[in-house]
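Residues per chain, in single letters:
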Amino acid sequence: MTARRRPSEEVAFRPVDNARLAALCGPLDANLRQIENALDVTIARRGERFSVAGAHEKASQAAQALRRFYDQASRELTVEDIQLGLVEISHVRERGGREEAPALMLPRRAELTARTPRQAQYLQHMRDNDITFCVGPAGTGKTFLAVAAAVDALERDTVKRIVLTRPAVEAGEKLGFLPGDLAAKVDPYLRPLYDALYDLMGYDKVNRSFERGAIEIAPLAFMRGRTLNHSFVILDEGQNTTPEQMKMFLTRIGFGSKAVVTGDVTQTDLAKGQASGLIHARSVLRGVRGIAVTEFHSDDVVRHPLVQAIVDAYERSDAAKKRP
């Protein structure tokens, strides 16, 4: 039988506001369960009083989360609100106070702010440099923030178009011949880019932008021989390029353009023994003026809390295999 943990933090909300308390807890206390699972604590509630049991640091963090979410509970709290809020709280505590990240003014969102210090650094790198490399695990916002920065630049008229590209490499599966015309064959590889655009701009506006040529999505092979002027160019899944493909992509950049290369070097789908263009370029171009590199880690993950735990578990496993 597991020993019951003693409460290390007490939180009470007065005057009592039952509507806020209900929004804070969520349906069937789902929001409280999220906080418990993310921070490995136990939360007990009696009326407007909450008792948090667990390690002192984690319990203190959970109590801070309860106060924060109660302040936001004038409306219904979503799963995303809770998960992103927990990410922000953990990073604010690490740096001893809140540091406002640069905001991107977007049509469908009043503001888009970085959730972690490295995300803020990534946004700044994209503003200050013509070429930015971003390397990190899944769920850290590499692609989404790059597309957001591109949309922001297009809306501000600092670029004339957005060009999004990916290498059409199968993720460990042999899909054979896909049916349909060329667009139907390559669209599945580019779907994450479409998803980010639709989320940021809305379906109708994205389609109108495609029609007038303000947004273009194409597989990497179609980039050869082109010069992209006054464009914001994003190469996603850069770890699946060869060094030759990466060089070809980077030399497409024309006047008034910016390029962003994103990728996760732990998830390369190239043939065994084939060098990754992203790893090669990061080494070759280190120190070149005008090129910035942002490296995310598992604590920058802004998806479901389990994603960070999964990334950490795989990193520990990989490190153990490398030990003699």
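Draft legend 1. Expanded view of helix 9 (residues 243-250). Residues Pro 243, Met 246, Met 248, Phe 249 and Leu 250 constitute the buried set of helix 9. On its buried face, helix 9 sits against strand 6 (131-135), strand 7 (161-166), strand 9 (231-235), strand 10 (258-263) and helix 10 (277-284).

Draft legend 2. Inspection of a nonpolar patch on the surface at higher detail. On the surface, a cluster of nonpolar side chains totalling about 350 Å² of accessible area is made up of Leu 306, Ile 310 and Tyr 314. By the secondary structure assignment, Ile 310 is in helix 11 (residues 305-322). Judged by relative accessible area, which is 45%, Ile 310 ranks as partly exposed.

Draft legend 3. Representation of the pattern of salt bridges. In this structure the tally under the stated criterion is 14 salt bridges. One salt bridge connects Asp 300 with Arg 118, and the closest N-O pair in it is separated by 2.6 Å. Taken together, the residues Asp 300 in the loop between strand 11 (291-295) and helix 11 and Arg 118 in helix 5 (residues 117-128) connect sequence positions 182 residues apart. A relative accessible area of 26% means that Arg 118 is categorised as partly exposed. Between Arg 156 and Asp 152 there is a salt bridge, with its nearest N and O atoms 3.0 Å apart.

Draft legend 4. Here's a closer look at unusual backbone geometry. Going from Arg 14 to Pro 15, the amide bond is cis rather than trans, its omega being -5°. Relative to the helices and strands, Pro 15 is located in the loop between strand 1 (7-12) and helix 1 (18-25). Positioned with a positive phi, Asp 40 is a non-glycine residue whose angle comes to about 55°. As for its placement among the helices and strands, Asp 40 is situated in the loop between helix 2 (30-39) and strand 2 (42-46). The backbone of Asp 157 sits at a positive phi, close to 65°, despite the residue not being glycine.

Conventions adopted
Residues numbered from 1 in each chain as written. Predicted model: local features only at pLDDT ≥ 70, side-chain atom pairs only at ≥ 80, totals over all residues. Heavy atoms only, no water. Buried < 20%, exposed > 50% of the residue type's maximum accessible area, 1.4 Å probe, protein only. Helix = DSSP H or I, 4+ residues; strand = E, 2+ residues; numbered from the N terminus. Contact = heavy atoms within 4.5 Å. Patch = residues over 30% accessible without salt bridge, like charges linked within 9 Å, V, L, I, M, F, W, Y side chains within 5 Å. Areas by Shrake-Rupley, 256 points an atom, 1.4 Å probe, with all protein chains shown as cover. Salt bridge = Lys/Arg side-chain N within 4 Å of Asp/Glu carboxyl O.

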